[in-house]
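Per-entry structural report
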Amino acid sequence: MHYHIILTELCDSRCKYCYEKSLQEFSNGLEEKFEFDFSAPTKSNIKTEDLKKFLKNDPSPTLIFYGGEPLLEIEKIKEIIDAFPKLPFRMQTNAKLLDKLPIDYLNKIGKLLISIDGDKSRTDLNRGEGTYKKVLENIKKARDQGYAGEIVARMTISFPDIYPQVQHLIQLQKVFDSVHWQLDVAFYKFDFNEEKFQEFSKKYNKEISKLIDFWIENLEKGKVIKIYPFLGIINRLLGFDSETRLMCGAGHSGYAITTGGKIQACPIMNNIKNFECGNLESEQLKKIDLIEPCTSCEESSICGGRCLYSNHAKLWGEKGEKMICDNTKHLILKLRKNLPKIKELLDKKIISQENLEYEKYFGPEIIP
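Structure report, in brief. (Residues numbered from 1 in each chain as written. Predicted model: local features only at pLDDT ≥ 70, side-chain atom pairs only at ≥ 80, totals over all residues. Heavy atoms only, no water.)

Concerning the packing of helix 7 (residues 162–170) against helix 8 (residues 194–220)
- Look at helix 7 against helix 8: their axes get within 8 Å of each other, and the N-to-C directions meet at 40 degrees. Classified by the interaxial angle, the pair formed by helix 7 and helix 8 is oblique. Residue-level contacts link Ile-162, Tyr-163, Pro-164, Val-166, Gln-167 and Ile-170 of helix 7 to Tyr-204, Glu-207, Ile-208, Lys-210, Leu-211 and Phe-214 of helix 8.
- The residue makeup of the contact of helix 7 with helix 8, split by class, is 9 nonpolar, 1 polar and 2 charged. (Axes fitted to C-alpha atoms, helices over the stretch in contact; angles between N-to-C directions. Helix = DSSP H or I, 4+ residues; strand = E, 2+ residues; numbered from the N terminus. Parallel < 35°, antiparallel > 145°, perpendicular 65-115°, else oblique. Contact = heavy atoms within 4.5 Å. Nonpolar A, V, L, I, M, F, W, Y, C, P; charged D, E, K, R; others polar.)

Description of the environment of Ile-350
- Relative to the assigned elements, Ile-350 resides in the segment after helix 13 (339–347).
- Relative accessible area serves as the criterion here: at 34%, Ile-350 is assigned to the partly exposed category.
- Spatially, the C-alpha atoms of Ile-350 and Lys-223 are 8.7 Å apart, while their sequence positions differ by 127 residues. (Buried < 20%, exposed > 50% of the residue type's maximum accessible area, 1.4 Å probe, protein only.)

Overview of the packing of helix 8 against helix 13
- Two numbers describe how helix 8 lies on helix 13: the axes approach to 10 Å, and their chain directions differ by 20 degrees. The angle between the axes of helix 8 and helix 13 places the two elements in the roughly parallel class. Judged by the twist between their axes, the crossing of helix 8 over helix 13 is left-handed. Facing helix 8, whose interface residues are Trp-215, Ile-216, Leu-219 and Glu-220, helix 13 presents Lys-341, Ile-342 and Leu-345.
- Here the contact of helix 8 with helix 13 is built from residues that sort into 5 nonpolar, no polar and 2 charged. (Left-handed = near helix turned anticlockwise from the far one by under 90°.)

Function cannot be inferred from these measures alone, as they are strictly geometric.
What follows is the structure, encoded as structure tokens:
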């Protein structure tokens, strides 16, 4: 099982699609649908011994350092790593403080999911002036010091130009091993504009088609670029992955440990009591399933349902949710059309099933 452990709810960034939007929306109607509990401390007060007892119930746990910004709690990171010398660790971070974590500890974190939205202008626009430069400097410093783990570029997409932005990141030398993105949709009620999102989707889907064509061209040369949304969907279309539930694992194979020790279905649902699945004393965790319209969708076995929170909250309403799903269906359809070519490449051993493998549930939501 994968567990996002929330070390702090504080963050040293003020991103437009997170901090700024949270200041704009004071009421979204969720208080009528869910029950909230904001009693958790700002910083984790979990005792290492309690965490050890909880993880003993899991035969193969993986811990993912998460926030807020987890690197604001470097001493806590070091304490947990020291307490679990054999445990696999991952981290989702903005990487602004990555140079502050000693390399011997960083080397014990096998995968880093680093927030970056593309080139310098796009990243700095969304995340603040100087962010791009600082993040790349810190990654390159870690690489120079010998960090050999996987580094995933974790993009948030609020503009439709996905093709050039992904191209930029994968072409950076010795920086990112793979790319993932999440659409900036359905986390707030006020930001749904049917006309604007329709225009966004039209451009975005053209870019997706172009990006898939580029990906297939590289497959034909025997090169598998690790673009997580493509890998996850292709594995299901090929039958390599028999799972049909949410690809992020939320509520069934991945959970979040809050700063106060409760277990939630997902970090996004941190303070919502409806999505509590247990606590550090629980021997078994509650599973939370999707609801309509995902459960009866014709692509449910491939998509698995884009987002558990979005599916239950329905902040964009029926029309908005359908528009989001249409983007997912376009992505699946375009990859499905390329299945014969991919099967041919597999049969000819130009690529292998092993080339298409990836670690599930450690962070990338797969379905954007």
